[in-house]
Amino acid sequence: MASGALVWIRRDLRLEDHRALSEATAKHDRVAVAFVYDSVILDQLVDRDDRRLTFIHQSLDEVATNLRDRGSDLITRVGDPVEIIPQLAKELGVEHVYANHDDDPYALRRDESVSKMLVASQCGFTTFKDCVVFERDEIVKDDGSPYRVYTPYSKAWKNALRPADYAEFHLDQSRFWPADQLPKPRGNQDIKSIGFESSDLIVEPGTSGAKKALAGFEKVMPEYGKARDFPDRHGTSMISVHLRHGTISVRECVRLALSQNNPGATKWLNELIWRDFYHMILAQFPFVVDDSFRPEYR
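My aim in this report is to walk through the structure given alongside it, one point at a time. Note that this is a predicted model, so its numbers are computed, not measured.

Looking now at the pairing of strand β2 (residues 30-38). Successive side chains on a regular strand alternate, one facing one side of the sheet and the next facing the other. Burial analysis of β2 places 8 of its 9 residues in the buried class, which makes it a mostly covered element. The sheet contact formed by strand β1 (residues 4-8) and β2 spans 5 bridges and is parallel. In the strand pairing of β2, Leu6 is matched with Ala32. For the crossover from β1 across helix α1 (residues 19-27) to β2, the handedness is right-handed. In this structure, β2 lies alongside strand β3 (residues 74-79), joined through 6 bridges in parallel fashion. Across the sheet, residue Asp38 finds its bridge partner in β3, namely Gly79.

Turning our attention to empty space enclosed by the protein. Under the criterion given, the structure shown has 1 cavity of 30 Å³ or more. In this structure, the largest cavity encloses a volume near 50 Å³. As for the largest cavity, its lining consists of Arg11, Asp12, Arg14, Asp130, Cys131, Leu243, Gly246, Ile248, Ser249, Val250 and Arg275. By residue class, the composition of the lining of the largest cavity is 4 nonpolar, 2 polar and 5 charged.

To continue, consider helix α5 (residues 105-120). Its 16 residues give α5 an end-to-end C-alpha distance of 23 Å, which sits within 8% of 22 Å, the value for a rise of 1.5 Å per residue. On the buried face of α5, the contacting elements are β1, β2, α4 (81-92), β4 (96-100), β5 (124-128) and α11 (263-284). Residue Asp104 occupies the N-cap position of α5, its side-chain oxygen lying 2.9 Å from the main-chain nitrogen of Tyr106. Directly beyond the C-terminal end of α5, a positive phi value near 65° is found at Gln122.

For the rest of this paragraph, the subject is the environment of Asp180. Its location among the elements puts Asp180 in the loop between α6 (150-160) and α7 (206-220). For Asp180, a relative accessible area of 63% gives the class exposed. Linking Asp180 and Asp111, residues 69 residues apart in sequence, is a C-alpha distance of 29 Å.

Cut-off values and rules
Residues numbered from 1 in each chain as written. Predicted model: local features only at pLDDT ≥ 70, side-chain atom pairs only at ≥ 80, totals over all residues. Heavy atoms only, no water. Buried < 20%, exposed > 50% of the residue type's maximum accessible area, 1.4 Å probe, protein only. Helix = DSSP H or I, 4+ residues; strand = E, 2+ residues; numbered from the N terminus. Pairing = 2+ DSSP bridges. Right-handed = clockwise from strand over helix to strand, strands pointing away. 1 Å grid on protein atoms, 1.4 Å probe; cavity = no way out; pocket = protein on both sides within 12 Å on 5 of 7 lines; lining within 4 Å. Points joined across faces, edges and corners; volume = space filled by probe spheres on them. Nonpolar A, V, L, I, M, F, W, Y, C, P; charged D, E, K, R; others polar. Expected span 1.5 Å × (residues − 1). Contact = heavy atoms within 4.5 Å. Polar contact = N/O pair within 3.5 Å; in protein donor to acceptor, adjacent residues only side chain to side chain.

Spelled out as structure tokens, the structure:
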């Protein structure tokens, strides 16, 4: 009997260099991909034309298209993931659900609840590091305590870095679940059915948009250290929103930075390390979501 798995994408809206997809397609015969428009989050949004949701929605359109090109399709649902993911796992009859880490305090509570629901129904749940190079307690001081200052953290980060840390995760595209065997409705939800309207974007969404931005940035990367300070120049990567929603892998960015031998690439790598640093701060000191990191500034 063929084994099945569900990959739940959240802030990793791509099919390339994707840790959870790589793990799932290596271990299972059929792999379905799903995204949940989280009503717990969406209900807090005031603007019905929120650009963030438009970016996510259009990026998911591309994911769905890419899955169809591979004979599968994307499953999207609207609601509370704590209810929807276990229901979808049961409907598909999968043995395991895979996802990538999200260290936001709400996301951690959500994932813990999802895990309990899945385990109760005898379905496994595993998450992986994907959106950063080093996470949580991987880079710490000699005494095991977390860094609170960037400069010593960045030195430790660079000393710890090995090629395996930014190597690409490959996946077996032949393992995607056949579209005609996926539960309906299939494909991306219409944005109006979610209760929102499309908004104009100045950043092209999806992995295709991320790659175009990165290719354009590569041409001007040598001047990044200086050009980034002038808003009338094309001096920045323009991929922060892509990294935020995972339309491109941070490992791909690190690979590009390391392949360039110029001061701009070195400076940009330092900025990517800043990103890891703040993810670590969030994981180690979750109170920063609602409060100042330093007590004297509260």
